[in-house]
Amino acid sequence: SRPATRSADGLRRKRGGALKKMKTKVNNGKNDIMDDEDVAFWTRLLVGDRGKGTNFESMPIVSRPPSGVRPPAGATTPQPFSRATPNPITPAPIVTPNPTRRPTPVITPNPTRRPTRRPVVGPTPAVTLDPTRRPTTNPTPKPTPSPTTESPTFSPTFSPIMETPAPITPAPITSCGTTPNERRSQIVDILSVISFPDLFDDPDSPQRKALDWIVDEDGSQLCPDDAEEDADSSLLQRYTLAVFYYSSNGDEWKQCNAPEDFDSQQSIDDANTACKLTTVNATTIFPNDFRGTNAWLTPESECLWGGISCYAENTPNAFEVNVVEFENNGLAGTLPAEMEQLSKMRFFALERGSLTGPIPSSFGNLKSLLLLDFDFNKLDGTLPSALWTLTSLRQLDLNDNKFSGELSGDIGLLRQLRFFQIDNNMMVGEIPSGLGDVPNFSLIGLSGNNFEGVMPEEVCDRRPSPLQTLVVDCNIECAIPECCTSCVPV
C-alpha cells in the first residue's frame, strides 16, 4: 500500500543518511574507507528488520569484521554498547584469538581512480588507546589570576628617555684674556709681595677689601699682565691707595668718600661732585702735578682722587703718587704698612684726624719724602728707628699725638731737616745732643713731654741762626733767650 511504501522510502532515506555517516570505521585505531562488501553488510542489517517496528535509535551497533575475514569458531562476539551513554563513543576492538604481529592491510578491490572532489573538513581525532595511568602529581593549585592591567599600553616607547645633561657653560673671558678666577689668582700673586697673604683670607681686613674692590668693583679693571712696563706699578699703586682708604675708615671721611654704588654712573657722578679736596699746600710747591678732585675709588686715575697729586706727564716718575694730603677730613683707623710702595712720594700729610697705632717701620722705605706731617692725631708707640734713615726729610711734624719713649740721637742723621716738632706727646729721657748735628734747623719744638736734664750745648750753638725757634718745658735747664726762645710751664 502507499502508506507502507512511503514509510519504507522514508526509512530508506533516513538509513541512507546514516550510511553516509558511517563511511569510516575504526580499525585498530586507524581510519580506513569502507569497501563495497562492508556497505552491503550494513545495508542488509538495516533493511532486514523493515516493517517490524524496530526502534533504530536504540538499536545496538554491532561491529562486523572486515570483508573476507570470518571469525573463527568460538570467537567472542564484541559487546554492544548503547548510544545513550553520555561518555565519548569508543568502538570495541575486534578480538582475534591468534592475532598476527602486523595489522592486516585493508585491500580495496576497486579503488577509486579519481580523488575525492571535496576534502575532508576535519580529520577524525585519533583515539588514545593507552590513556595516562597516573594523574599529574602537582596540579596547578590555583587558576591564573586575572591580569592586573585592565588595558594594555596603547603605544610602546620606541626609545628610552635619556636624561639630557646640563649644558656646559664656558667660563667668561675678561678684558685681560683670562677667566675671572685666573685674573683674581694672578692679582693675588702680585699683591702677596707687599701684603701678607693671610690678610686676604680675612674679609674684614683692609687688604681683603682692597683686593675685592680691585678685582670685582674697580671700573678700570686693571690686568695683572698688562703690556705696559709700569703695569705692576700701576696695579700696586692703586691697590696701596685702596688699602689706605679702608685702613683709615674712608667710608666715614668728611669728603671724597667712595661712591655708594660702583656700578652706577649717577652714584659716581654724585660722589665726584661732593668731593672738594685738593692738595692745597702742595699745589704751590708742585704746581705742575697731575691732580683732581674726584671721589676715591672711582674708575678714573687714582691721580685724580681728592687729596692726591702725581708727577706730571713727561717727567721721569710720570703718574706716580707725589702727594697725599689730608687735613681735618675725619681720617681714623691705622696707618697701613703698604704705603711704603709709594716710594716716590715727597709730601705725606695727614693732619688733624683720629689715626691710632704706631708709625710702621716700613715707612723707612719712603726715601723721597720731604715732608712727614701727622700732627693732631692719636698715634702712639715709639718712634721707629727707620725714620732716621729718611735723609731727604725737611719737615717732621709729630706734635699732639701719644708717642712715647726716648728721642734717639740718630735724629742727627737727618741733615736736611729744617722743621721738627714733637710737642705734646709722652716722650721721656734727656734731650739728645744729636740734635746739634743737624746744620740747618730753623725750628725745634720739645714742650709738653717728660724730658729732663739740660739742653745740650751742641743745640744751643745753633742759636740764633739758623735755629730761630727752640721751645722746651720749663723744667729743662736752658738759658733764655741765649739758647731757648721760650719754655712752657709744666
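Everything discussed here concerns the structure shown above.
Nothing here was measured: the structure is a model prediction, and the numbers come from that model. (Residues numbered from 1 in each chain as written. Predicted model: local features only at pLDDT ≥ 70, side-chain atom pairs only at ≥ 80, totals over all residues. Heavy atoms only, no water.)

1. Section: the state of the cysteines
And step 1. The final tally for this structure, using the stated rule, is 6 disulfides.
And step 2. Bridging Cys176 to Cys223, the disulfide has an S-S length of 2.0 Å. Across the S-S bond of Cys176 and Cys223 the torsion is about -90 degrees, and the bridge reads as left-handed. Placement of Cys176 in the loop between helix H2 (36–47) and helix H3 (180–191) and of Cys223 in the loop between helix H4 (206–217) and helix H5 (231–247) is noted, with a sequence separation of 47 residues between them.
And step 3. For Cys176, a relative accessible area of 14% corresponds to the buried category.
And step 4. For Cys223, a relative accessible area of 14% translates into the label buried.
And step 5. A sulfur-sulfur separation of 1.8 Å characterises the disulfide bridge that pairs Cys478 with Cys484. Of note, the bridge from Cys478 to Cys484 carries an S-S torsion of about 110 degrees and is right-handed in sense.
And step 6. Since its relative accessible area comes to 1%, Cys484 is described here as buried.
And step 7. Look at the chain and number its bonded cysteines as they come in the sequence; the links are 1-2, 3-4, 5-6, 7-10, 8-12, 9-11. (Disulfide = S-S within 2.5 Å. Helix = DSSP H or I, 4+ residues; strand = E, 2+ residues; numbered from the N terminus. Buried < 20%, exposed > 50% of the residue type's maximum accessible area, 1.4 Å probe, protein only.)

2. Some thoughts on the environment of Leu369
And step 1. Of note, Leu369 is situated in the loop between strand E7 (356–357) and strand E8 (371–373).
And step 2. The exposure class assigned to Leu369 is buried, which follows from its relative accessible area of 1%.
And step 3. Excluding its chain neighbours within four sequence positions, the residues that come into contact with Leu369 are Met345, Arg346, Phe347, Phe348, Leu390, Ser392 and Leu393. (Contact = heavy atoms within 4.5 Å.)

3. Comments concerning the packing of aromatic side chains
And step 1. Taken as a whole, this structure holds 16 aromatic pairs when the rule is applied.
And step 2. Their ring planes at 45 degrees and their centres at 6.0 Å tell us that Phe244 and Trp296 sit as a pair that is tilted. With Phe244 in helix H5 and Trp296 in the loop between strand E3 (290–291) and strand E4 (308–310), the pair connects residues that are 52 residues apart, well separated along the chain.
And step 3. Assessed through its relative accessible area of 0%, Trp296 is described here as buried.
And step 4. A ring pair is formed by Tyr245 and Trp296, whose centres lie 6.2 Å apart and whose planes are at 20 degrees; its orientation type is stacked. Linking Tyr245 in helix H5 with Trp296 in the loop between E3 and E4, this pair joins segments that are 51 residues apart in sequence. The pair Tyr245 / Trp296 is uniform in exposure class, with both members buried.
And step 5. By the ring-pair criterion, three or more aromatic residues cluster together here, those being Trp213, Phe244, Tyr245, Tyr246, Trp253, Trp296, Trp305 and Phe326.
And step 6. The residue whose ring lies beneath Arg352 is Phe376, and the NZ or CZ to ring-centre distance is 4.1 Å. (Phe/Tyr/Trp six-rings, centres within 6.5 Å; stacked < 30°, edge-to-face > 60°. Lys NZ or Arg CZ within 6 Å of the ring centre and 35° of its normal.)

Read these as layout, nothing more, since geometry by itself doesn't imply function.
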